[in-house]
Amino acid sequence: MSFVPFRPPRRILMGPGPSDVPPRVLEAMARPTIGHLDPAFIGLMEEIKGLLQYAFRTGNPMTLPVSAPGSAGMECCFANLVEPGDKVVVCRNGVFGGRMVENVVRMGGEAVVVDDPWGRAVDPDKLRETLRRHPDAKVVAFVHAETSTGALSDAQTLCAVAREFGCLTLVDTVTSLGGVPVEVDAWGIDAVYAGTQKCLSCAPGLAPVSFSERALEKVRGRSRPVQSWFLDLSLVMGYWGSGTRRAYHHTAPINALYGLHEALLILREEGLERAWARHRRHHRALRAGLEAMGLAFVVPEAERLPQLNTVRIPEGVDDAAVRRRLLEAFDLEIGAGLGELAGRVWRIGLMGHGCNRHNVLYCLAALEAVLSEAGAPIERGAALPAAMAAYAGDGEAP
Ligand SMILES: *Cc1c(COP(=O)(O)O)cnc(C)c1O
């Protein structure tokens, strides 16, 4: 057997993440590795913190990327904020809310679960009712953008409800950051985590997090140390904190951080508001095309994420065969259903750099071709004109 360098196929990534990484980010990651205590690198760390504050819309000094994927960001927030015995209300409307419950239990907390149907936003009234019955709850946790279903919850209202009852808020913005408004300070989010491979269009493997002063007070008042040595904020800050000794904690993923810096620069050059508008515009065109083809959305329009479009698989169509054909014939990846929705839906991502007109039109054409070939009961020849009309209606040349 001979081993040769791995040359990945060229794909178009339109699933739930990772999303397409632009060449600028890949080039940045290929620059020479330097030491994690090199003064030049410390300068880069400070810039990354500032750019993350911009992306999260926060002045929190405790804003940094955890050196591991989004799930580690989730675990970092729960590990630091939840002490054994703490009561945590978790709003669950999909797979990732379920993982939050699991985190609370593993930290020794008591999880009070507020369930909402999959494919719907979290209901603030149910949260309020639950908090009335549990006045001793300390934290409210929810997923802003449920990637397993494509539902967007009203984080601002949920945070306001939590605050009425004196609870800290812990919010998953892995899929929302960079795609729809996330206002950490204005909404009063206390602990937030994200990922790099969704709407930030960076390689996977880092988890931006941010903690408010109130959250840090809770962490400082802990009666016992954070159970996880690696994710303990007080230790991580000895390395990431401005004005600290920059003590070695772990070796930072240097080249991955070059990539994150570049991805955040791209986001800042475009501007958050323009990025949000771009996600809405291309979502409208994709939606017009999918609906013209006869595919139905799972999430009601007012609760839909522009960056993650979940549609029902038509009757009698082989889920895996269609996705395989899209990958083989078109180099196009779309997402399968997760959890309750496995085998019943496709999840089509329009995230970050991949949220563009080329991808919208390409995906519609490819999906129509593959579904026609499979004999699916779809409307033919309608998707592309509908998408182009949507673009024209938005004041753009078709
Ligand atoms: C992708 C995702 C995660 C997990 O991120 P990983 O980088 O895969 O660990 C967590 N929450 C949500 C909402 C996600 O979409």
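What you see is a predicted model, and the numbers here were worked out from it, not measured in a lab. (Residues numbered from 1 in each chain as written. Predicted model: local features only at pLDDT ≥ 70, side-chain atom pairs only at ≥ 80, totals over all residues. Heavy atoms only, no water.)

## Regarding the overall build of the protein
Scanning the protein from N- to C-terminus turns up 14 helices and 13 strands. Its C-alpha atoms give the protein a radius of gyration of 21 Å, near enough to 21 Å, the size a compact globule of 398 residues would have. Dimensions of the protein along its principal axes, counting C-alpha atoms only, are 65 × 55 × 50 Å. Burial analysis of the protein (398 residues in total) assigns 57% to the buried set. Long-range pairs, those at least 24 residues apart, make up 72% of the contacts in the protein with a sequence separation of at least 6. Total accessible area on the protein is roughly 16300 Å²; 54% of this is exposed by carbon and sulfur atoms. (Helix = DSSP H or I, 4+ residues; strand = E, 2+ residues; numbered from the N terminus. Rg over C-alpha atoms; globule rule 2.2 N^0.38 Å. Buried < 20%, exposed > 50% of the residue type's maximum accessible area, 1.4 Å probe, protein only. Contact = heavy atoms within 4.5 Å. Areas by Shrake-Rupley, 256 points an atom, 1.4 Å probe, with all protein chains shown as cover.)

## Observations concerning the sheet that holds strand E11 (residues 308–312)
Ordered in space as E1-E12-E13-E11, the four strands form an open sheet in which the pairing is mixed. Two strands close off the open sheet at either side, each with one partner strand: strand E1 (12–14) and E11. Direction aside, neighbouring strands of the sheet carry axes that sit 30° apart on average. For strand E12 (residues 332–336) and strand E13 (residues 345–349), the ladder comprises two bridges, and the chain directions are antiparallel. When the bridges of E13 are listed, glycine 335 appears paired with arginine 347. (Pairing = 2+ DSSP bridges. Axes fitted to C-alpha atoms, helices over the stretch in contact; angles between N-to-C directions.)

## Concerning the packing of aromatic side chains
Counted under the stated rule, the structure contains two aromatic pairs. A ring pair is formed by tyrosine 239 and tryptophan 240, whose centres lie 6.2 Å apart and whose planes are at 75°; its orientation type is edge-to-face. Both residues of the pair, tyrosine 239 and tryptophan 240, belong to the buried class. Relative to tyrosine 362, the ring of phenylalanine 330 has its centre 6.2 Å away and its plane inclined at 75°; by these criteria the two rings are edge-to-face. In this pair, phenylalanine 330 is assigned in helix H12 (residues 319–330) and tyrosine 362 in helix H13 (residues 357–373), connecting sequence segments 32 residues apart. Judged by relative accessible area, which is 23%, phenylalanine 330 ranks as partly exposed. With relative accessibility at 27%, the residue tyrosine 362 sits in the partly exposed group. The ring of phenylalanine 297 has arginine 304 lying over it, and the distance from NZ or CZ to the ring centre is 4.2 Å. (Phe/Tyr/Trp six-rings, centres within 6.5 Å; stacked < 30°, edge-to-face > 60°. Lys NZ or Arg CZ within 6 Å of the ring centre and 35° of its normal.)

## Section: the sheet that holds strand E8 (residues 168–172)
Pairing between the strands of a sheet is mediated by backbone hydrogen bonds and can be parallel or antiparallel. Judged by pairing direction, the sheet is mixed, and its seven strands sit side by side in the order E2-E10-E9-E8-E5-E3-E4 without closing on themselves. Where the open sheet ends on each side, the last strands, each with one partner, are strand E2 (62–66) and strand E4 (110–115). Adjacent strand axes in the sheet meet at a mean angle of 15° when their direction is disregarded. Those strands touched by helix H9 (residues 233–240) are E2 and strand E10 (207–211), and its axis lies near 90° from that of E2.

## So, the site of the ligand
Lining the immediate surroundings of the ligand are Pro69, Gly70, Ser71, Phe96, Val143, Ala145, Thr147, Asp172, Val174, Thr175, Gln197 and Lys198. Taking glycine 70, its main chain carries an N or O atom lying 2.9 Å from an oxygen atom of the ligand. Between the ligand and lysine 198, the relevant distance is 2.7 Å, taken from an oxygen atom to a side-chain nitrogen or oxygen of the residue. Considering the ligand on its own, with 380 Å² of exposed area, one finds that the protein chains cover 89% of that surface. (Near = heavy atom within 4 Å. Polar contact = N/O pair within 3.5 Å; in protein donor to acceptor, adjacent residues only side chain to side chain.)

## Examining the packing of helix H10 (residues 254–270) against helix H11 (residues 272–293)
The contact between H10 and H11 brings their axes to 6 Å, and the two run at 85°. By the angle class used here, H10 and H11 are roughly perpendicular. Packed against H10, whose contacting residues are Leu267, Glu269 and Glu270, the element H11 presents Leu272, Arg274, Ala275 and Arg278 at the interface. (Parallel < 35°, antiparallel > 145°, perpendicular 65-115°, else oblique.)

## Things to note about the pairing of strand E5 (residues 139–143)
With respect to burial, E5 is a largely interior element, five of its five residues being buried. Here E5 shows a buried face lined by Val139, Ala141 and Val143 and a second buried face lined by Val140 and Phe142. Here three bridges tie strand E3 (residues 87–92) to E5, and the two strands are oriented parallel to one another. Note that in E5 the partner of valine 89 across the bridge is valine 140. Strand direction decides the pairing type here: E5 and E8, joined by five bridges, are parallel. Bridged to valine 139 within E8 is leucine 168.

## Concerning the environment of methionine 293
Take methionine 293: it is sitting in helix H11. Sequence spacing of methionine 293 and glutamate 379 is 86 residues, and the spatial spacing of their C-alpha atoms is 4.7 Å. Discounting chain neighbours no more than four positions away, the residues touching methionine 293 are Leu364, Leu367, Glu368, Leu371, Ile378, Glu379 and Ala383.

## Some thoughts on the nonpolar core
Formed by 90 residues in total, the largest nonpolar core has its most connected members in Phe41, Val66, Phe78, Met100, Leu170 and Phe211. No other element matches helix H2 (residues 39–56), which puts nine residues into this core. Domain assignment of the residues forming this core places at least three in each of domain 1 (23–268) and domain 2 (272–392). Sequence-distant contacts of phenylalanine 41, defined by excluding residues within four places in its chain, comprise Ile34, Gly35, His36, Tyr239, Ala252, Ile254, Leu257 and Tyr258. In terms of nonpolar packing, the next biggest core, distinct from the first, is built from 32 residues, Leu286, Trp346, Ile348 and Ala383 among them. (Core = buried A, V, L, I, M, F, W, Y, C linked by side-chain atoms within 4.5 Å. Domains from an automatic or database assignment.)

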